[in-house]
Amino acid sequence: MQGYIKMQADVVPPCWKKIPDVLRAMGLKYMRGGSRSTMLSDMVAKGILEKKQFRISDISGRRVIPIDHYRLAKKSK
């Protein structure tokens with residue numbers, strides 16, 4: 001069963017990071033709650049970050065859930 005669950009999960013490329021990793025990279029590791037979501041949404045809207053959901057297995061390994069991941073947006077020329 002666990003093998004089947006792992007097969008359903010996406011492979012996340014190294015350039016895509018979960019919210020805590022993105023905040024830590026920006027020096028905001030203690031930021032909590034709705035303000036971080038608002039800030040990240042604003043950054044996506046302004047083209048600073050890209051957002052994508054990847055399906056990853058949870059800590060228990062019994063299910064696969066979609067988790068938002070972010071990366072720096074590539075600048076267009």
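Scroll up to find the structure this text is about.
Since this is a predicted model, take the numbers as computed values, not measurements.

(A) A look at the sheet that holds strand β1 (residues 17–18). The antiparallel open sheet is built from three strands, whose spatial order is β1-β3-β2. Each end of this open sheet is capped by a strand with a single partner; those strands are β1 and β2 (49–57). With two bridges joining them, β1 and strand β3 (residues 64–72) adopt antiparallel strand pairing. For Lys18, the partnering residue across the bridge sits in β3 and is His69. The strands that helix α3 (residues 34–45) touches are β2 and β3; relative to β2, the one it contacts most, it runs at about 120 degrees.

(B) Inspection of the pairing of β3 at higher detail. Bridge count for β2 against β3 is nine bridges, and the pairing is antiparallel. Among the inter-strand pairings, Arg55 is bridged to a residue of β3, identified as Pro66.

(C) Spatial organisation of the nonpolar core. Listed in full, the seven residues of the largest apolar core are Ile19, Val22, Leu23, Leu40, Met43, Leu49 and Tyr70. Listed by contribution, the elements that provide at least two residues to this core are α2 (19–25) and α3. Broken down by element, the residue count for this core peaks at three residues, all from α2.

(D) Inspection of the pattern of salt bridges at higher detail. According to the stated counting rule, one finds three salt bridges in the structure shown. A salt bridge links Asp21 to Arg24; the shortest N-O distance between them is 3.0 Å. Here the residue Asp21 and the residue Arg24 both occupy positions in helix α2, the gap between them amounting to three residues, near one helical turn. Judged by relative accessible area, which is 32%, Asp21 ranks as partly exposed. Lys51 serves as the salt-bridge partner of Asp68, at 3.6 Å between the closest nitrogen and oxygen. One end of the pair, Asp68, is in strand β3; the other, Lys51, is in strand β2, and 17 residues separate them in sequence.

(E) Molecular detail of the packing of aromatic side chains. Under the definition given, this model contains one aromatic pair. Centroid distance Trp16 to Phe54: 5.7 Å. Interplanar angle 65 degrees. Geometry classified as edge-to-face. With Trp16 in the loop between α1 (2–8) and β1 and Phe54 in strand β2, this pair connects stretches of sequence that are 38 residues apart. Side by side, Trp16 and Phe54 carry an identical accessibility label, which is buried.

What counts, and where the lines are drawn
Residues numbered from 1 in each chain as written. Predicted model: local features only at pLDDT ≥ 70, side-chain atom pairs only at ≥ 80, totals over all residues. Heavy atoms only, no water. Pairing = 2+ DSSP bridges. Helix = DSSP H or I, 4+ residues; strand = E, 2+ residues; numbered from the N terminus. Contact = heavy atoms within 4.5 Å. Axes fitted to C-alpha atoms, helices over the stretch in contact; angles between N-to-C directions. Core = buried A, V, L, I, M, F, W, Y, C linked by side-chain atoms within 4.5 Å. Buried < 20%, exposed > 50% of the residue type's maximum accessible area, 1.4 Å probe, protein only. Salt bridge = Lys/Arg side-chain N within 4 Å of Asp/Glu carboxyl O. Phe/Tyr/Trp six-rings, centres within 6.5 Å; stacked < 30°, edge-to-face > 60°.

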